[in-house]
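# Summary of the model geometry
Okay, here's what each chain looks like letter by letter:
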Amino acid sequence: MLLHLYWPSKRGCGANRIKPEYYNGEQHFTYHQKGGAKSNLLGFILLIAFEMPIMHLVLHFIWSPLAANIVTLLTIFSLVFFITEYRAFSKRPISLFCNKLFIRYGLYQPLVIPLDNVV
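Sequence order as written defines residue numbering, which begins from 1 separately in each chain. This being a predicted model, a pLDDT of at least 70 is required before a residue's local features are given, and a value of 80 or more before pairs of side-chain atoms are given or counted; all residues contribute to the totals for chains, interfaces and linings. Values shown for side chains rest on all heavy atoms present in the structure; no hydrogens or waters enter the calculation.

## Details of the nonpolar core
We count it as follows: By convention a nonpolar core is built from buried Ala, Val, Leu, Ile, Met, Phe, Trp, Tyr and Cys residues, the set being connected through side-chain atoms within 4.5 Å. For each residue, the accessible area found with a 1.4 Å probe, counting protein chains only, is set against the maximum for its type, and the residue is called buried under 20%, exposed over 50%, and partly exposed in between. Secondary structure elements follow DSSP: runs of H or I of four or more residues count as helices, runs of E of two or more count as strands, with numbering from the N terminus.
Counting 5 residues, the largest nonpolar core consists of Ile 45, Ile 48, Met 52, Leu 79 and Ile 83. Elements supplying a minimum of two residues to this core: helix H2 (37-62) and helix H3 (65-89). Among the elements that make up this core, the one with the highest residue count is H2 (3 residues).

Right, here's the structure in full:
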């Protein structure tokens with residue numbers, strides 16, 4: 001149930017139905033196809049997924065079960081964040097609108113730069 005909130009199905013309302021045309025702007029540019037940032041995010045997702053059970057067992061038997069549970073919950077939270085960042089990365093374009101450049105990068109707030117400030 002919790003993962004359904006972050007990983008919506010194709011029938012439901014969610015990230016699968018978001019298109020770059022839904023954003024304000026006269027022109028839209030994608031940035032996820034050429035750089036290596038999306039593959040870096042996937043690498044971190046795999047690293048966190050493989051590391052989480054091992055670290056939980058080590059902390060559980062070496063230190064304390066409570067510490068293992070707390071660290072595991074924080075790790076699950078970071079894993080959900082990286083998965084949503086990975087999915088949002090290719091959905092949010094860079095746009096030009098009213099002499100302003102809107103830079104949307106993953107889940108972060110868009111950065112608005114007036115075109116007069118671009119050299």
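Following the structure, the description resumes.
## Comments concerning the packing of aromatic side chains
Using the following cut-off: Stacked, tilted and edge-to-face are the three classes assigned to paired rings of Phe, Tyr and Trp, where Trp is represented by its six-membered ring and a pair needs centres within 6.5 Å; plane angles under 30 degrees give stacked, over 60 edge-to-face, the rest tilted. Working rule: Lys NZ or Arg CZ, within 6 Å of ring centre, within 35 degrees of ring normal, means a charge sits over the ring.
One pass over the structure, following the stated rule, counts 2 aromatic pairs. On the basis of an interplanar angle of 75 degrees and a centroid distance of 5.9 Å, the ring pair of Phe 81 and Phe 82 is categorised as edge-to-face. Under the relative-accessibility criterion, Phe 81 is labelled partly exposed at 31%. An aromatic cluster is built from Phe 44, Phe 81 and Phe 82, whose rings are joined through pairwise contacts. It is Lys 38 that lies over the ring of Tyr 86; its NZ or CZ is 4.9 Å from the centre.

## What about the packing of H2 against H3?
Our working definition: For helices, the axis comes from a line fit to the C-alpha atoms of the stretch in contact; other axes are also lines fit to C-alpha atoms, and the angle between any two N-to-C directions lies between 0 and 180 degrees. Should an angle fall under 35 degrees it is taken as roughly parallel, and over 145 as roughly antiparallel, whereas 65 to 115 is taken as roughly perpendicular and any remaining angle as oblique. Left-handed is the label given to a crossing in which the near helix is rotated counterclockwise from the far helix by less than a right angle, and right-handed is the label when the rotation is clockwise. Here the nonpolar group is Ala, Val, Leu, Ile, Met, Phe, Trp, Tyr, Cys and Pro; Asp, Glu, Lys and Arg are the charged ones; every other residue, Gly included, is treated as polar.
Interhelical geometry of H2 versus H3 gives an angle of 170 degrees and a closest axis separation of 9 Å. Of the possible angle classes, the one that applies to H2 and H3 is roughly antiparallel. Considering the relative orientation of H2 and H3, their crossing is left-handed. Among the residues forming the contact of H2 with H3, the class breakdown is 19 nonpolar, 6 polar and 3 charged.

## A short note on the confidence of the model for the protein chain
We apply this condition: The predictor rates its confidence in each residue with pLDDT, a number between 0 and 100. Should any heavy atoms of two residues lie within 4.5 Å, those residues are counted as being in contact.
Looking at the protein chain, pLDDT values average 79 and 77% of them are 70 or higher. Across residues 1-13, where pLDDT falls below 50, the model places 16 contacts with residues more than four positions away in sequence or in other chains.

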